[in-house]
Amino acid sequence: MVVDASVVNVEVLGGQTPTPDRKDTAVDVATGSDFETAIAATGYGRFNIFILAIALFCCLGSINESTTMAYILPAAECDLNLSLQNKGMLNAITYMGMITSAFLWGYLADTLGRREILGYGYIIMGIFETACGFSQTLWMLLVFKYISGFVACGPFAVLMSYVAEMHGAKHRARIVLTVGTFFSIGNIILPCIAWAVLPRSWTVTFVANIFELHSWHIFLLICATPSLLGGTLVVLLLPESPKFLMSRGRNDEALAIFQRIFHENTGKAAHEYPIRALIDELRQSGSGQKALSGASSVPKSKGCAALKDGLSQIAPMLKRPHLRNCCLVFSIQFGVLMSQNTIRLWLPEIFHMMAEYSKASNDPTNHTTSMCDIIDASQSIKSANSTHLAGQAIQPVECTATPDSSVYFNALIVGIVSLVGYLIAGFIINKIGNRNLMIFGLVVSGLSAYSMYFGINLESIVAAASICVGIGSICSTAMMGQIAILFPTSLRTMTISLSLMFGRIGAMIGNLVFPYLLMLGCLPPFITIGSLLTVAGLAGLLLPRKSKAPLQ
């Protein structure tokens, strides 16, 4: 994979290695080097690019896990006899699974390590995504999707921590943003696959009317492969996070990994790595064994005692200096993911409404039709034999399992705009910081959501949706980069997991409520989403001003 030069600067791609002089090395040998010094000495090169290549598959797996239901709704509507509320449940069920496992995965990742959770988590997730591809009924699809969502929560949070901990402060913000860019790439690849597969009337019959695979089944099977491939590559090829090992006092293992990274990045022998010793983070913390915030040693207890140890990880979040920041990031993530993931997952259905309207009306191009006309007409089409709305003659449309390709073409436009947004953000992230990018972006995203209500034609609706979803996604990624700066290693993955749990609670609620808001009319859904994004952006003003701070 080629890393985009607009996201990773030329100096990074050049693989230049900051090599300490002899005097500095002598100091390192005598006293031990901290993590930031050790990771900077490994340079930037093939190993880092290799991590990004594997992270791409993992990101595709994560985006497929949370998004595929939105794309199959028009194609599976007839086969599964889906109501508007059923569609909301299918969009929300993944988040239900994620919510119920948020604490479990955060605890396991911060106590057992990053690599195992990351690799095996994606493999198991891919297995249940494959099972979704063979589902024949709504309840089967809901059960398998819930389980895959339950598993998906852990690997995603660990991925962001793992990537951040494999890079020094110089490159960390841009690399985390690069991983966010991969999600935009996923939002381009996914509608391309949908465009190629879902409008087809394919059927593979094993037992007639009992076990058949249609185009949406094949789509789900294809979308399961990135998770399986990404998880397998992690298990076979990547090491544990050296930052995690140092926080557990396993410095010999961490030093060996630093040497491996140095060798792969520079081509030099491992013994030429300039760092000879690492600081003892357990001893440096002083009361590391006593302080709850240290969470330094791997718990040896089991059963209820292990659960008690896990709960102790949350205790520091309820005390100074972390309580205020926790409340802020949890609240902001709730609003951001509730609004952003709701509108993102319902866009294919909204575009499907547009396609149905164009077939049923005398306005096949939708050039003079507002969003409100389309939403109101889509409800009438399903219930009336013949209706007259907004001066248009609406004829009944039979249920069809082959949605119009324009549904996925419009979704592709949204994905492309998101990617362009990430590339622009890559140029300015180091200048303005995660915090300021998030504040400005959320306000713009909120205004775009409002403007969807005032859309007077298809082009304006797609443009507003693209800006809303694209910038909202960038802001969500910027928030996780800010969390990596605000919280220490012992709390970082737990904090990301819990912040995402609150966000996913919002996403679940949003997708369950959105069908009822649509039934109320055009204004409620878009005014709600716009208000949530705007308020979340303003709340970001209360976050501390930190940018290139060393990882704690």
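Presented here is a report on the structure given in the accompanying data block. (Residues numbered from 1 in each chain as written. Predicted model: local features only at pLDDT ≥ 70, side-chain atom pairs only at ≥ 80, totals over all residues. Heavy atoms only, no water.)

**Some remarks on the environment of Pro199**
Inference 1: With respect to the helices and strands, the residue Pro199 is situated in the loop between α8 (169–197) and β1 (203–207).
Inference 2: Counting along the chain gives 125 residues from Pro199 to Pro74, while the straight-line C-alpha distance between them is 9.6 Å.
Inference 3: In this structure, Pro199 is in contact with Ala194, Thr402, Pro403, Ser405 and Tyr408, ignoring residues within four places of it in sequence. (Helix = DSSP H or I, 4+ residues; strand = E, 2+ residues; numbered from the N terminus. Contact = heavy atoms within 4.5 Å.)

**What about the state of the cysteines?**
Inference 1: Counted according to the given criterion, the structure contains 0 disulfides.
Inference 2: The thiol of Cys59 is unpaired, and the distance to the nearest cysteine sulfur, on Cys58, comes to 7.0 Å. (Disulfide = S-S within 2.5 Å.)

**Focus on helix α20 (residues 523–539)**
Inference 1: Taking 1.5 Å of rise per residue, the 17 residues of α20 would be expected to cover 24 Å, and the 24 Å separating its terminal C-alpha atoms lies within 8% of that figure.
Inference 2: Within α20 the residues assigned to the buried category are Pro525, Phe526, Ile529, Gly530, Leu533, Thr534, Ala536 and Gly537. Axial view of α20: buried residues confined to an arc of 160°, hence all on one face. (Expected span 1.5 Å × (residues − 1). Buried < 20%, exposed > 50% of the residue type's maximum accessible area, 1.4 Å probe, protein only. Arc of directions from axis to C-beta.)

**Topic: the side chain of Asn511**
Inference 1: Tracing the chain through its elements places Asn511 in helix α19 (residues 489–520).
Inference 2: Given a relative accessible area of 0%, Asn511 falls into the buried group.
Inference 3: A distance of 3.1 Å separates the side chain of Asn511 from the side chain of Trp346, its partner in a polar contact. (Polar contact = N/O pair within 3.5 Å; in protein donor to acceptor, adjacent residues only side chain to side chain.)

**What to know about the environment of Ala536**
Inference 1: For Ala536, the position within the fold is in helix α20.
Inference 2: Note on Ala536: relative accessible area 5%, which makes it buried.
Inference 3: For the pair Ala536 and Val336, spaced 200 residues apart in the sequence, the C-alpha separation amounts to 6.5 Å.
Inference 4: Apart from residues no more than four positions distant in its own chain, Ala536 is found in contact with Ile332, Val336 and Leu442.

**Quick word on helix α4 (residues 46–80)**
Inference 1: The first and last C-alpha atoms of α4 sit 47 Å apart over 35 residues, in line with the 51 Å expected at 1.5 Å per residue.
Inference 2: Where α4 bends most, the angle comes to about 60°, and this point is Pro74.
Inference 3: Most of α4 is tucked away, with 29 of its 35 residues classed as buried.
Inference 4: Trailing α4 by a residue or two, Asn81 shows a phi angle of about 55°, which is positive. (Bend = angle between axes of the 7 residues up to and from the residue.)

**Let's talk about empty space enclosed by the protein**
Inference 1: Applying the stated rule across the entire model yields 7 cavities of 30 Å³ or more.
Inference 2: Its boundaries defined by the atoms lining it, the largest cavity holds a volume of some 360 Å³.
Inference 3: Looking at the largest cavity, it is lined by 22 residues, and the ones nearest its centre are Ile63, Ser66, Phe156, Phe183 and Asn341.
Inference 4: When residues of the lining of the largest cavity are traced back to their parent elements, those giving at least two are α4, α5 (84–112), α7 (138–165), α8, α15 (323–360), α18 (458–486) and α19.
Inference 5: Grouping the constituent residues of the lining of the largest cavity by class yields 11 nonpolar, 8 polar and 3 charged. (1 Å grid on protein atoms, 1.4 Å probe; cavity = no way out; pocket = protein on both sides within 12 Å on 5 of 7 lines; lining within 4 Å. Points joined across faces, edges and corners; volume = space filled by probe spheres on them. Nonpolar A, V, L, I, M, F, W, Y, C, P; charged D, E, K, R; others polar.)

**Let's talk about the pattern of salt bridges**
Inference 1: Under the criterion given, the structure shown has 8 salt bridges.
Inference 2: The partner of Glu65 in a salt bridge is Lys145, with the nearest N and O atoms 3.5 Å apart. Here Lys145 lies in helix α7 and Glu65 lies in helix α4, a separation of 80 residues in the sequence.
Inference 3: A cluster of three or more residues bridged by salt bridges with shared partners is formed by Glu77, Lys87 and Glu349. (Salt bridge = Lys/Arg side-chain N within 4 Å of Asp/Glu carboxyl O.)

**With respect to unusual backbone geometry**
Inference 1: Not every positive phi belongs to a glycine, and Asn81 is a case in point at roughly 55°.
Inference 2: Of note, Asn81 is situated in the loop between α4 and α5.

**Digging into the packing of α8 against helix α17 (residues 406–453)**
Inference 1: The N-to-C vectors of α8 and α17 enclose an angle of 170°; their axes lie 8 Å apart at closest approach. The angle between α8 and α17 places the two elements in the roughly antiparallel class. (Axes fitted to C-alpha atoms, helices over the stretch in contact; angles between N-to-C directions. Parallel < 35°, antiparallel > 145°, perpendicular 65-115°, else oblique.)

**Here we look at the packing of α4 against α7**
Inference 1: Two elements in contact, α4 and α7, have axes whose closest approach is 10 Å; the angle formed by their N-to-C orientations is 160°. Regarding the angle of α4 to α7, the classification is roughly antiparallel. As for the relative orientation of α4 and α7, their crossing is left-handed in sense. Facing Ile51, Ala55, Cys58, Cys59, Ser62, Asn64, Glu65, Thr68, Met69, Ile72 and Leu80 of α4, the residues of α7 in contact are Leu138, Leu141, Lys145, Ser148, Gly149, Ala152, Phe156, Leu159 and Val163. (Left-handed = near helix turned anticlockwise from the far one by under 90°.)

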